Amino acid sequence: YNFTNPYLNDLGVRGAAGLQSLGQVSEVLLMLAMPFLFARLGVKTMLALGMAAWVARYALFAYGDAGGGFALLVIGIVLHGICYDFFFVTGQIYTDAHAGPAFRSSAQGFITLATYGVGMLVGFRVAGMVSDHYASAAGHDWQGIWLFPALFSLGVLLAALIFDRDMEALADTITGIAADDPNARLNIVAGNGS
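Criteria and cut-off values
- As a convention, each chain's residues are numbered from 1 in the sequence order in which they are written.
- Totals for whole chains, interfaces and linings use all residues, but because this is a predicted model, local features are given only for residues with pLDDT of at least 70 and pairs of side-chain atoms are given and counted only at 80 or more.
- Only hydrogens and water are set aside; all other atoms, that is, all heavy atoms of the structure, feed into the side-chain values.
- Patches here: salt-bridge-free residues with over 30% relative accessible area, like charges joined within 9 Å, nonpolar side chains (Val, Leu, Ile, Met, Phe, Trp, Tyr) joined within 5 Å.
- Using a 1.4 Å probe, accessible areas were evaluated by the Shrake-Rupley method; residue-level cover was limited to the displayed protein chains.
- Salt bridges are counted wherever a side-chain nitrogen of Lys or Arg sits within 4 Å of a carboxyl oxygen of Asp or Glu.
- Only runs of H or I of at least four residues qualify as helices and only runs of E of at least two qualify as strands under DSSP, and these elements are numbered from the N terminus.
- For every residue, the accessible area obtained with a 1.4 Å probe (protein chains only) is divided by the maximum for its type, and the residue is called buried under 20%, exposed over 50%, and partly exposed between those limits.
- When checking whether two residues touch, look at their non-hydrogen atoms; a contact exists if any pair is within 4.5 Å.
- Note that the arc is computed from the directions linking the helix axis to the C-beta atoms.
- Each residue carries a pLDDT score, the predictor's own confidence in it, on a scale running from 0 to 100.
- The convention used is that axes are lines fitted to C-alpha atoms, helices contributing only their stretch in contact, and that angles between N-to-C directions extend from 0 to 180 degrees.
- These descriptions rest on fixed angle ranges, namely under 35 degrees for roughly parallel, over 145 for roughly antiparallel, 65 to 115 for roughly perpendicular, and the rest for oblique.
- Crossing chirality is assigned from the near helix's rotation relative to the far helix, an anticlockwise turn below a right angle marking it left-handed and a clockwise turn marking it right-handed.
- Here the term charged refers only to Asp, Glu, Lys and Arg, the term nonpolar to Ala, Val, Leu, Ile, Met, Phe, Trp, Tyr, Cys and Pro, and the term polar to all other amino acids, Gly among them.
- For Phe, Tyr and Trp, rings pair up if their centres lie within 6.5 Å, where Trp contributes its six-membered ring, and each pair is then called stacked (planes under 30 degrees apart), edge-to-face (over 60) or tilted (otherwise).

**Student:** When you look at a nonpolar patch on the surface in this model, what are you seeing that I'm missing?
**Tutor:** On the surface, Phe110, Leu113, Val118, Val122, Val126, Phe148, Phe152 and Val156 cluster together to form a nonpolar patch covering roughly 740 Å² of accessible area. Sorting the residues of the nonpolar patch by element identifies helix H5 (104-133) and helix H6 (142-163) as the ones contributing at least two each. Of all the elements, H5 adds the most residues to the nonpolar patch, at five residues. Position of Phe152 among the secondary structure elements: in helix H6.

**Student:** Whenever I open this one, the side chain of His80 confuses me. Can you help?
**Tutor:** As for its position among the elements, His80 is in helix H4 (residues 80-99). A relative accessible area of 14% means that His80 is categorised as buried.

**Student:** Mind showing me how you'd approach the environment of Ser153 here?
**Tutor:** Looking at the element boundaries, Ser153 is found in helix H6. In sequence terms Ser153 and Ala56 are 97 residues apart; their C-alpha atoms lie 9.3 Å from each other. Excluding residues within four positions of it along the chain, Ser153 makes contact with Trp54, Val55 and Tyr58.

**Student:** Looking at this structure, I do not really get helix H3 (residues 70-78). What am I missing?
**Tutor:** Residues spaced three or four apart along an α-helix point in a common direction, a consequence of the helix completing one turn every 3.6 residues. Turning to H3, its buried residues are Leu73, Gly76 and Ile77. Burial along H3 is one-sided: seen end-on, the buried residues are contained in an arc of 100°. Against the buried residues of H3 lie helix H1 (4-11), helix H2 (16-63) and H4.

**Student:** Looking at this structure, I do not really get the confidence of the model for the protein chain. What am I missing?
**Tutor:** Low pLDDT means the predicted coordinates in that region are not meant to be read closely. Here the protein chain averages 85 in pLDDT, and 85% of its residues register 70 or above. The secondary-structure element of the protein chain with the lowest mean pLDDT is helix H8 (residues 182-190), recorded at 46, while H3 shows the highest, at 97. Predicted confidence is poor over residues 177-194, with pLDDT under 50, and the contacts of this stretch with residues over four places away or in other chains come to 25 contacts.

**Student:** Can you walk me through the packing of H4 against H5 in this structure?
**Tutor:** Packed helix pairs are specified by the crossing angle of their axes together with the interaxial distance, meaning the distance between the axes. Two elements in contact, H4 and H5, have axes whose closest approach is 8 Å; the angle formed by their N-to-C orientations is 150°. Taken together, the axis directions place H4 and H5 in an arrangement best described as roughly antiparallel. H5 is crossed by H4, and the crossing has right-handed handedness. Side by side, H4 and H5 meet where Tyr84, Phe88, Gly91, Gln92, Thr95, Asp96 and Ala99 of the first sit next to Arg104, Ala107, Gln108, Ile111, Thr115 and Tyr116 of the second. A class-by-class count of the residues in the contact of H4 with H5 yields six nonpolar, five polar and two charged.

**Student:** I would appreciate a short explanation of the packing of aromatic side chains in the present structure.
**Tutor:** Using the criterion set out here, one finds 12 aromatic pairs in the structure. On the basis of an interplanar angle of 90° and a centroid distance of 6.5 Å, the ring pair of Trp54 and Phe88 is categorised as edge-to-face. Remark: Phe88 occurs in helix H4 and Trp54 occurs in helix H2; sequence separation between them is 34 residues. For the pair Trp54 and Phe88, a shared accessibility class is recorded, and that class is buried. Put simply, the rings of Phe3, Tyr7, Trp54, Tyr58, Phe61, Tyr84, Phe87, Phe88, Tyr116, Trp142 and Trp146 touch in pairs and so form one group of aromatic residues.

Have a look at this one:
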């Protein structure tokens, strides 16, 4: 997402930074709705939807433009809320519940290091390499730049759905707790309970 603003500016989208704020609005609205969505959808579905939203966001950016494809750009920007809340926040909730009380703090520190530390460092490095690969004197091939993370995210989604069997049982447990006790549901979403 570090190339979203330069991309929109290269396309000639007026007020690109302001348009991007729609992503933060969707993030806040979905954060408020998370206790209810969490109880209805469960961990596995929310994580899968979050990963699928990343695939869709990048694909929409790949095929959007400032003319007839402007709606694709707007939808891709608004998907930021689902991408962030359904993937990162739900992942933190999953980690919190899976780690148990004795290791909760260490597990949260580890997932933060993995996602916001090492993950972002590697991600930004790879994104720069992909951007450089698709750059020429004529400019950037933005479609190629956006299709790379779309396909990579699709691979991650498929791998998670195929190989993560343990998540299903934990998702059922967390969803059951959240459905039975509204206060537990709020505590789970806030990261205060298991």
